[in-house]
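So the chains spell out like this:
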Amino acid sequence: MAPEPLNFLCGVAGSMQVWRPAAPGRWLALTIGQADPEFPLQLLAAFGAASSLPG
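This one's a predicted model, so the numbers in the text were calculated from it and none came from an experiment.

**Comments concerning the sheet that holds strand S3 (residues 42–49)**
One open sheet holds the three strands; their spatial order is S1-S2-S3, and the pairing between them is antiparallel. The open sheet terminates on both sides in strands that have one partner only, identified here as strand S1 (17–19) and S3. Taken over all neighbouring pairs, the strand axes of this sheet differ in orientation by 15 degrees on average, direction set aside.

**Comments concerning the environment of Pro24**
Mapped onto the elements, Pro24 comes out in the loop between S1 and strand S2 (26–33). For Pro24 and Leu44, which are 20 residues apart along the polypeptide, the C-alpha to C-alpha distance reads 22 Å.

The rules behind each value
- Residues numbered from 1 in each chain as written.
- Predicted model: local features only at pLDDT ≥ 70, side-chain atom pairs only at ≥ 80, totals over all residues.
- Heavy atoms only, no water.
- Pairing = 2+ DSSP bridges.
- Helix = DSSP H or I, 4+ residues; strand = E, 2+ residues; numbered from the N terminus.
- Axes fitted to C-alpha atoms, helices over the stretch in contact; angles between N-to-C directions.

Next comes the structure, spelled out in structure tokens:
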């Protein structure tokens, strides 16, 4: 299981884009997701420490 917020993003999105910005040790992710078919689509962004990304 991935750590949060990656676990949440993986649960609501089929794919996501991840960048490592110029600031060392960080990442930024962007995706469009839907928690449930009855809920609206949402643009989701998250950031975190590079150590939380899988190898």
